[in-house]
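Fold and contact review
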Amino acid sequence: MLKIKKTKPYHFRKAHDGASLHRIYASRVACTIALICSIVPTLALLTYYNPYSEKVSAASTKTLSDITDMQQMRASICENSTIGESNTLTDTRDNSTYTVSKLNDGKCWMTQNLRITNTEITSENSNTTENFIIPTSSAPTLWPNDSSTTPYAYYDKETTSAYYNWYAATAGTGIDSMSSGDTTSSICPKGWRLPKSGTGVGTNDFANVSGISTSTNITAGTNYWSKAKAPSFTNSTLIVNNSTWLAAGYVRAGNGSGSIDTFGSTGYYWSSTADRQSYAYYFLFFNNSLYPADSNSRSSGYSIRCISADLADDEPDFTDPYDQKDVDVIAIVVPPVISINATSGMNKEVDPNLVAKGEISATISANTTYSVQLSADKTSLTNSVSSDEPTSTNSIPASSSVQAKTNAWGILNSDNTTYSAITSTPTTYYNTESSNEDSSRTHTFTLGVSISPTLPAGEYSTTVTITAVNN
């Protein structure tokens, strides 16, 4: 706050004629400056890139242990993880949690069955390009025989498992006419997909995770128990190649007579691969049988396990807040920090025959470029004690013409001769811009104050605000 104080010292002098003492005012003004400093409240967060960093992928070092949500998964994260590394992740679509692990096939799998129902999913949170509603059926008895174009899903509290027909599992892309190949979408979370099945060499995810040789040409409907690595079946669970699979059974389609069958003794898990029209491949196992490429009607209700997306399918997603993969440099988001340490030096008595000068300065430390602006709450220095309205005779107005014997104050320009009048709108003056980031700089302003000999005594003030504006 800029305060102008009029002192009232009495000078007594004796008349030459010995007459009585006369009391006169000394025409002096003591000036004191204190500053209120501020930062523009609309400063936005800055995103800037470190120009000295090497070209490093922001996700290049992440592993399973570094993420918390299913939707944060990327193929690079699975690649960086070690075999056996596990974590519990949240599916942001319904806040269900699942354990996931990098298994012996080098892929990251959900180690629990998917159980989402009654939810609309989008491309932002799921392995789909279009919005899709995962339905819920109130009971397995409502499961029809023909559901090629109608999605069905059912969550059973007793088995804590969810069951889906193939049309629901593929988020509506597994249409009845599709007779081969893999679907383009699924109800798996973003960053995950349905496992692939079918015949061939090394392309069957269920065969690979079971430890069956990738050189083995998988034949549909063939039992591969003896070719799998360390298979066993106990407590309703298949353990093979250090992966575990719940024998959750399936929902038998029946147009009013559907039911959950064979829970505890068999497991059925959908793949993304079509077999022939109305049929799709799935993973089937019993207590001594394992079929990585069995095939059946798409209307049945089977379980789902999701596998992390492949590198080839893991497209860059620059809007993903969790991952800046494929960005050339490390992205750092830092709010602009501008600190102002202001000082003042105008504590002197003013002779009306002279212009008194003083300085205000602000040392500004910032990690961003900025400009300095000055403004005044009231442009005239007014007497806070006086109840009179400010006039030309009882206030000191801001002016570009500061000269002795007049009431005026202003900011001295860089020519050290002329002045500028401060305004109530933040204004940039000379010597106020900084183009350096991560720097500290002192900005100094010289003020001039002149008064009329008739200015009433009192304390004159206004509020000066220094504002650092982010460029």
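Our subject is the structure that appears above.
This structure is a prediction, so every number in the text was calculated from the model and none was measured. (Residues numbered from 1 in each chain as written. Predicted model: local features only at pLDDT ≥ 70, side-chain atom pairs only at ≥ 80, totals over all residues. Heavy atoms only, no water.)

Things to note about the overall build of the chain
When helices and strands are tallied, the chain shows three helices and 37 strands. Counting all 471 residues of the chain, 47% fall into the buried class. Of all intrachain contacts in the chain linking residues separated by at least 6 positions in sequence, the fraction that spans at least 24 positions is 61%. As displayed, the chain has an accessible area near 21700 Å², and 47% of this comes from carbon and sulfur atoms. (Helix = DSSP H or I, 4+ residues; strand = E, 2+ residues; numbered from the N terminus. Buried < 20%, exposed > 50% of the residue type's maximum accessible area, 1.4 Å probe, protein only. Contact = heavy atoms within 4.5 Å. Areas by Shrake-Rupley, 256 points an atom, 1.4 Å probe, with all protein chains shown as cover.)

Regarding the environment of Thr 406
Looking at where Thr 406 falls in the secondary structure, it is placed in the loop between strand E31 (395-396) and strand E32 (408-412). Along the backbone, Thr 406 and Leu 354 are 52 residues apart, and their C-alpha atoms lie at a distance of 9.8 Å. With sequence-adjacent residues up to four places away left out, Thr 406 is seen in contact with Ser 450, Ile 451 and Ser 452. Of note is the side chain of Thr 406, whose polar atom sits 2.6 Å from the backbone oxygen of Gln 403. (Polar contact = N/O pair within 3.5 Å; in protein donor to acceptor, adjacent residues only side chain to side chain.)

A look at the sheet that holds strand E23 (residues 279-285)
On the basis of which strands lie adjacent, the open sheet formed by three strands has the order E22-E23-E24 and antiparallel pairing. Where the open sheet ends on each side, the last strands, each with one partner, are strand E22 (267-274) and strand E24 (290-297). Taken over all neighbouring pairs, the strand axes of this sheet differ in orientation by 35° on average, direction set aside. Two strands pair when backbone bridges link them, and E22 and E23 are joined in this way by five bridges, in the antiparallel orientation. Along E23, the bridge assignment pairs Gly 267 with Phe 285. (Pairing = 2+ DSSP bridges. Axes fitted to C-alpha atoms, helices over the stretch in contact; angles between N-to-C directions.)

Remarks on the pairing of E32
A regular strand places its side chains on the two faces of the sheet in alternate fashion. Judged by how many residues are buried, E32 sits mostly within the fold: five of five residues are covered. Linking E32 back to strand E33 (residues 419-420) in an antiparallel pair, the connection comprises six residues, with Asn 416 at a positive phi of about 60°.

As for the state of the cysteines
One pass over the structure, following the stated rule, counts two disulfides. One disulfide bridge connects Cys 78 with Cys 108, the sulfur atoms lying 2.2 Å from each other. Residues Cys 78 and Cys 108 share a disulfide whose torsion about the S-S bond is about 105°; that sign makes it right-handed. On the criterion of sequence distance, the pair formed by Cys 78 in helix H1 (residues 75-80) and Cys 108 in strand E9 (residues 108-110) is long-range, its members being 30 residues apart. Across a sulfur-sulfur distance of 2.1 Å, Cys 188 and Cys 306 are joined as a disulfide pair. Measuring the twist about the S-S bond at about -90°, one finds the Cys 188-Cys 306 disulfide to be left-handed. Of the two residues, Cys 188 is situated in the loop between helix H2 (166-169) and strand E14 (192-193) and Cys 306 in the loop between E24 and strand E25 (307-308); the sequence distance between them amounts to 118 residues. Judged by its relative accessible area of 0%, Cys 188 falls in the buried class. On the basis of relative accessibility, which here comes to 0%, the residue Cys 306 falls in the buried class. Each bonded cysteine in the chain gets a number by its place in the sequence, and the pairs come out as 1-2, 3-4. (Disulfide = S-S within 2.5 Å.)

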